[in-house]
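Here are the chains, one letter per residue:
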Amino acid sequence: MAGKKREIQLQAVVNSQSLWDEMLQNKGLTVIDVYQAWCGPCKAMQTLFRKLKNELNEDELLHFVVAEADNIVTLQPFRDQCEPIFLFSVIIKAGFVIEIEDKRVFTEQQVRDFYHRIAHQPDFEDFVLFMTSGLSHILVISQGNEEQPALGETESDPETEAKEIYEDHLAMVTTPMMRKKRDSLEEYLERQHISQFCDVEENITDVNCFIDMFFPDFKNMKNLKLEKILALLRPALFQEKKEDVLKIIEDEGFKILMQRQIVLSEEEAQTLCKEYENEDYFGNLIEKMTSGPSLALVLVRDHGLQHWKELIGPGSVEKAKEYLPESLCVRFAMEDLPINQLYGSDSLEAAEREIQYFFPPQSTLALLKPHVTQEQREEILKLIREAGFEITQMKEMLLNEEEAGKIYSKIKGKDFYQDVLEMLSEGPSLVMVLTKWNAVSDWRQLIGPVEPDEAKLLSPDSIRAKFGRSVLKNAVHGSSNTYEAMESITRIFEEFGPENPEGN
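Nothing here was measured: the structure is a model prediction, and the numbers come from that model. Note on numbering: residues in each chain are counted from 1, in written sequence order. With the structure being a predicted model, the display of local features is reserved for residues of pLDDT at least 70 and the display and counting of side-chain atom pairs for 80 or more, all residues being used for whole-chain, interface and lining totals. In computing side-chain values, all of the structure's heavy atoms are included and hydrogens and water are not.

Caption draft 1: Highlighting helix α11 (residues 282-289). Turning to α11, its buried residues are F282, L285, I286 and M289. Seen end-on, α11 carries its buried residues on one side only, within an arc spanning 95 degrees. Here, two residues are considered to be in contact whenever any of their heavy atoms come within 4.5 Å of each other. Only DSSP runs of H or I covering at least 4 residues are called helices, and only runs of E covering at least 2 are called strands; the numbering of each starts at the N terminus. Residues of α11 that are buried sit in contact with β7 (226-233), α9 (235-251), α10 (266-272) and β9 (294-302). Note on exposure labels: buried denotes an accessible area under 20% of the residue type's maximum, exposed denotes more than 50%, and partly exposed covers the range between, all computed with a 1.4 Å probe on protein chains only. By definition, the arc is the one covered by directions from the helix axis to the C-beta atoms.

Here it is as structure tokens:
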């Protein structure tokens, strides 16, 4: 029993996305053993980890974690792999708190504004191209409330605030701090061998300008607590009052991130109706729940969980009439069953599980062709983000015949294939992995028909309608189905692993 206790203390268990996000706030170095339920963590390394932890005795700066890939969306690329996988997370904490983060591709103007002080350098234009060629990870970090020395040295003024922007290239922006504290931070970066990738900005005017540039809603967002939940309209309500409910959801300030019709299995219905399992009408309820499609929704709003609970009311119509007579439970009550016709996640942890189950993430391959200008690229990337896609992987590459064959394998024997190769050889293409629920179909819908003229007629808001010139130069390409997406992603992004676009 004592040995088991030491093992638990050695490696913290992370088995949900919320715990993963919390773990990333650890100070110092975190060693993450990624495992799957069917094979378990790597026991062979635990002796070494325990030895390191005992010898170094740095509980605040050295952490060991086991993370279950099956339940964490971020670790989706590592599922279905049988070999041990270890990830390393280095977080510079030193009294700072991550307030907001985002992954995006910098626009040309953003790079020029951010690095205006080195614009006179002879290779600046090449640098601009480099900075706009791939994803950057941006964080807004502020000083925490705790008044503690930076890395064991000088205490700072509690009113002093820092804002840092980390990229893949790890650029950094801070407001003025005491010189000794900033020096200690730079020394820490040097010890981590990453100081050469950092830029420190001391001008508070510039810092505020950059925050407004990258996060224009930051001041408003600081006071928000955006929460995602799963909501469900039961079959009878979906059939009779769908539009009325969706209008109320919109008026209450919720944003619908995803929605789908789904006919529940008996097991799924029993899980969602568990609170009624001891009622006489439970059997009838399950029959009703499986008789036709329900509408599942992913909703997001400030304090969304509590607001949805208050909006829909309790689980029974009787209780709703007594305690919340204005609730949707009462408004949309059905005579045949005395229950709430709307369902909502009971907790944020439950919401995470339910969203993962009903909306499993899927990945597809996307290609921006050589004739797309830098300005058009930025517009297309904005459309991609607005459509709810996450750009999981990205790289700019010149597609020679070998590389093109990894994407266009199904048309290799076609008469026009040489024309495709010639078009791709005109310059670099931007190749991406896009991830969201129903990614393959949604990306095909967003890009529109192959022929730009046809796209303008049938799908005028599509990418090909806006940016396409001809059948060959129609701006973008996308995988036709999940199998093709999986094959292309694996060939182009070998580091992505044997991706399962279905997210199962």
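Text resumes after the structure shown.
Caption draft 2: The arrangement of the pairing of strand β11 (residues 362-368) in detail. Counting buried positions over the seven residues of β11 gives seven, a clear majority of the element. Residues Q362, T364, A366 and L368 line one face of β11 and the alternating positions S363, L365 and L367 line the opposite face, and both faces are buried. Across seven bridges, the pairing between β11 and strand β13 (residues 429-436) is antiparallel. Bridge pairing in β13 places Q362 opposite K436. A pair of strands is considered paired only if DSSP assigns at least 2 bridges between the two. Here β11 pairs with strand β14 (residues 476-478) via three bridges, running antiparallel.

Caption draft 3: Main features of the sheet that holds β9. In spatial order, the strands read β8-β9-β7-β10; together these four strands make up an open sheet with antiparallel pairing. Looking at the sheet topology across the chains shown, the edges are occupied by β8 (255-262) and β10 (342-344). Between one strand and the next, the sheet's axes are offset by a mean angle of 20 degrees, whatever the strand orientation. Of the strands in this sheet, β7, β9 and β10 touch helix α12 (residues 304-312), which is tilted by about 35 degrees from β7. To obtain each axis, a line is fitted to C-alpha atoms, and for helices this fit is confined to the stretch in contact; angles are then taken between N-to-C directions over 0 to 180 degrees.

Caption draft 4: View of the side chain of S316. Structurally, the position occupied by S316 is in the loop between α12 and α13 (317-323). Whenever two N or O atoms come within 3.5 Å, that pair is a polar contact, provided that in protein one can donate a hydrogen and the other can accept it, and provided that, for residues adjacent in sequence, both atoms are side-chain atoms. Here K319 takes part through its backbone nitrogen, which lies 3.1 Å from a polar atom of the side chain of S316. When sequence neighbours within four positions are dropped, the list of residues in contact with S316 reads C329, P338 and I339.

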